[in-house]
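Examining the three-dimensional arrangement
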Amino acid sequence: MNIRFMRTFCSVAEKGSMAAAARALGLANASVAEQIRALEQELGTALTLRRGQTVALTDAGQAVLPTMRSIVAQAEDLSLIAQAGALRGRLRVGSISTVLTSLIPDTLRRLALLHPEIDLKVVPGTSMGLLALLEAEEIDCALSVKPPFSLPKSLSWQPVRAEPLVLVAPDDLSKQTIAASIRSAPFIRMDRNAWTGMIVNRYLLSRRIPVRELFELDAPETIVALVAEGLGVSLLPDWGIVSPPGGKLAIRPVKDQRFDREIGLIGRRSAASTLIGAFASVLMGRSEA
């Protein structure tokens, strides 16, 4: 049975249409349809049903999908195994912005020294956006905020670091308490629908601190710049916050680990698992360069 055809079938199942699978695989629509027909002839049963522009799996298609996915993943792993320890291949890593500036540069430097044959692509995004890319199999792993829900079994979680929640305020508010600083100045809030914003919201509710909101945005570096301009105060996880040139900030921890932001590596269980493992080892400092 042709593994390439199985890969095409798995893509059709994931994308929900022949056309979308064709675009993802770089094939003509007719080639995708022909490969699916060849699989159906070999198995002696229909695997898909057309419904307008979309495609649904038959009961037989649903039954064989997990096995085909496993076979495709194992086949793709063979190229890595054949390298006898010399890792090579393409690895697509997603990262939130604060990790891009704090952890990624040194990790890339050491990865290039230890595994020069790994072709690594870094994709920036928000935590929610990166999870969507993982589920769509457009990236292999992502450095993200820990989701406020359980991950599906197809994804793994590896904690990397905990970032304490801190008050970021203009220096002239440094002698006030955290609650007094928030009450006395406009509040620049992390988007409350973002996972980091949810942590901030929980803290404010737990302390019953009223705020006078000035802005709400999912851009922590921009929030730091706005605070440095004297426009207000904010609560942010400390990823290594520093005062921007010409500005001076007061950065004070809330000293409550319940509101730490956990950063970790979410990985897809796929053919790239070996490469993800190598990246994680370098990231966590288990490999020396």
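Right above here is the structure, for reference.
Criteria and thresholds
Residues numbered from 1 in each chain as written. Predicted model: local features only at pLDDT ≥ 70, side-chain atom pairs only at ≥ 80, totals over all residues. Heavy atoms only, no water. Pairing = 2+ DSSP bridges. Helix = DSSP H or I, 4+ residues; strand = E, 2+ residues; numbered from the N terminus. Axes fitted to C-alpha atoms, helices over the stretch in contact; angles between N-to-C directions. Buried < 20%, exposed > 50% of the residue type's maximum accessible area, 1.4 Å probe, protein only. Core = buried A, V, L, I, M, F, W, Y, C linked by side-chain atoms within 4.5 Å. Contact = heavy atoms within 4.5 Å. Salt bridge = Lys/Arg side-chain N within 4 Å of Asp/Glu carboxyl O. Parallel < 35°, antiparallel > 145°, perpendicular 65-115°, else oblique. Left-handed = near helix turned anticlockwise from the far one by under 90°. Nonpolar A, V, L, I, M, F, W, Y, C, P; charged D, E, K, R; others polar.

Attention shifts here to the sheet that holds strand β5 (residues 141-145). The strand order across the open sheet formed by five strands is β4-β3-β5-β12-β6, and the pairing between neighbours is mixed. Each of the sheet's edge strands pairs with one partner strand only, and the pair in question is β4 (118-124) and β6 (155-163). Averaged over all pairs of adjacent strands, the angle between strand axes in this sheet comes to 20°, irrespective of strand direction.

Moving on, we come to the pairing of strand β10 (residues 234-237). Across the two faces of β10 the burial is the same, with Ser234 and Leu236 and Leu235 and Pro237 all buried. Relative to β10, strand β7 (residues 165-170) is paired through four bridges, and the arrangement is antiparallel. Each bridged residue has a counterpart across the sheet, and for Val168 the counterpart in β10 is Ser234.

Before going further, it helps to spend a moment on the nonpolar core. Counting residues in hydrophobic clusters, the biggest one holds 32 residues, and the most contacted among them are Leu91, Leu143, Leu265 and Phe279. Only β3 (89-95), α6 (104-114), β4, α7 (127-135), β5, β6, β12 (261-268) and α11 (273-283) provide two or more residues apiece to this core. No other element matches the seven residues that α11 contributes to this core. Here Phe279 is in contact with Leu91, Val93, Ile104, Thr107, Leu111, Leu120, Cys141, Leu143 and Leu265, once residues within four sequence places are set aside.

Right, let's get into the pattern of salt bridges. For the structure shown, the criterion picks out 15 salt bridges. Measuring nitrogen to oxygen at the nearest pair gives 2.9 Å for the salt bridge that ties Arg90 to Asp119. Of the two residues, Arg90 sits in strand β3 while Asp119 sits in strand β4, which places them 29 residues apart along the sequence. In this structure Arg90 comes out as partly exposed when scored by relative accessible area, which is 45%. Where Glu216 meets Arg192, a salt bridge forms, and the shortest distance between an N and an O atom there is 3.1 Å. Taken together, the positions of Glu216 in strand β9 (residues 213-217) and Arg192 in the loop between β8 (187-190) and α9 (195-207) put the pair 24 residues apart, joining distant regions of the chain.

Moving on, we come to the packing of α6 against α11. Between α6 and α11, whose axes approach to 9 Å, the crossing angle comes to 120°. In terms of orientation, α6 and α11 fall into the oblique class. Where α6 crosses over α11, the handedness of that crossing is right-handed. Only Ala278, Phe279, Val282 and Leu283 of α11 make contact with α6, whose side of the interface consists of Ile104, Thr107, Arg110, Leu111 and Leu114. For the contact of α6 with α11, the class distribution of residues is seven nonpolar, one polar and one charged.

Our next topic: the environment of Lys121. Relative to the elements of secondary structure, Lys121 occurs in strand β4. Linking Lys121 and Arg92, residues 29 residues apart in sequence, is a C-alpha distance of 4.8 Å. In this structure, Lys121 is in contact with Arg90, Leu91, Arg92 and Val93, ignoring residues within four places of it in sequence.

What follows concerns the environment of Glu42. Among the structural elements, Glu42 can be located in helix α3 (residues 29-43). When the C-alpha atoms of Glu42 and Leu131 are compared, they prove to be 36 Å apart, with 89 residues separating the residues in sequence.

For any two helices packed against each other, one specifies the inter-axial angle together with the distance between the axes. It is the contact of helix α1 (residues 3-15) with helix α2 (residues 18-25), at a shortest axis distance of 8 Å, that shows an interaxial angle of 125°. Classified by the angle between their axes, α1 and α2 sit oblique to one another. Crossing hand, α1 versus α2: right-handed. Seen from α1, the contacting residues are Thr8, Ser11, Val12 and Lys15; seen from α2, they are Met18, Ala20, Ala21, Ala24 and Leu25.

Before going further, it helps to examine the pairing of β12. Counting buried residues along β12, seven of its eight residues qualify, which places the element largely inside the surrounding structure. Pairing geometry for β5 and β12, over five bridges, is antiparallel. The partner of Cys141 across the bridge, within β12, is Gly267. As paired strands, β6 and β12 are joined by eight bridges and run antiparallel to one another. Pairing of Glu163 across the sheet is with Arg261, part of β12.

Attention shifts here to the sheet that holds β7. Pairing is antiparallel across the open sheet formed by three strands, whose spatial order is β10-β7-β11. For this open sheet the edge positions go to β10 and β11 (249-253), each flanked by a neighbour on one side alone. Neighbour to neighbour, the strand axes of the sheet diverge by 35° on average, direction disregarded. Its contacts with the sheet place α9 against β7 and β10, and it is angled at close to 125° to β10. In this fold helix α10 (residues 220-228) packs onto β7, β10 and β11, with an angle of close to 140° to the strand it touches most, β10.

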